[in-house]
Amino acid sequence: QVHLAESGGGLLQAGESLRLSCAVSGDRLSDYTMGWLRQAPGKEREFLAAITWSGGTTYYAKSGKGRFTISRSHAENAVYLQIGFVKPEDTAVYYCAADDLGPGLGWALISEKDYWGQGTQVTVSS
């Protein structure tokens, strides 16, 4: 029903900015909330931010506030994650996901999502 494909990762120097993209396709997209999560080596997958496809309502985890901005574009069929000032601890595989769960705390508490992208690697050097 929903296909997600991340892009935009790479090798960065600390302090640089980065925008990750998630191409979105499928049916009944307005029923879904899309979000960004990341998984660092040896760590659990960490929720960052979510946004409803239809209305653009956002929800940020504590770790996702400040330097992170989630957005979406219907015209471009994409969800974006802007990282304003990358740090070495941002090094992780970043995933986008889709779920019919609304953009609330459940995104941080419930690991299972309806759909996942393949992930894109972000590596930050100090």
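Residues numbered from 1 in each chain as written. Predicted model: local features only at pLDDT ≥ 70, side-chain atom pairs only at ≥ 80, totals over all residues. Heavy atoms only, no water.

Asks: Describe the environment of Ser 21, with residues and values.
Replies: Along the chain, Ser 21 falls in strand S3 (residues 18–26). It is 9.8 Å that separates the C-alpha atoms of Ser 21 and Leu 4, two residues lying 17 residues apart in sequence. Every residue in contact with Ser 21, bar those within four places of it in the chain, is listed here: Ala 5, Glu 6, Ser 7, Trp 36, Val 79 and Tyr 80. (Helix = DSSP H or I, 4+ residues; strand = E, 2+ residues; numbered from the N terminus. Contact = heavy atoms within 4.5 Å.)

Asks: Run through the nonpolar core, naming residues and quoting values.
Replies: Leu 4, Val 24, Met 34, Trp 36, Val 79, Leu 81 and Tyr 94 are the most contacted members of the largest nonpolar core, which totals 29 residues. What Leu 4 contacts, discounting residues up to four positions off in sequence, is Cys 22, Ala 23, Val 24, Cys 96, Ala 97, Ala 98, Tyr 115, Trp 116, Gly 117 and Gln 118. Residues Leu 37, Phe 47, Ala 61 and Ala 97 belong to the second largest nonpolar core, which totals six residues. (Core = buried A, V, L, I, M, F, W, Y, C linked by side-chain atoms within 4.5 Å. Buried < 20%, exposed > 50% of the residue type's maximum accessible area, 1.4 Å probe, protein only.)

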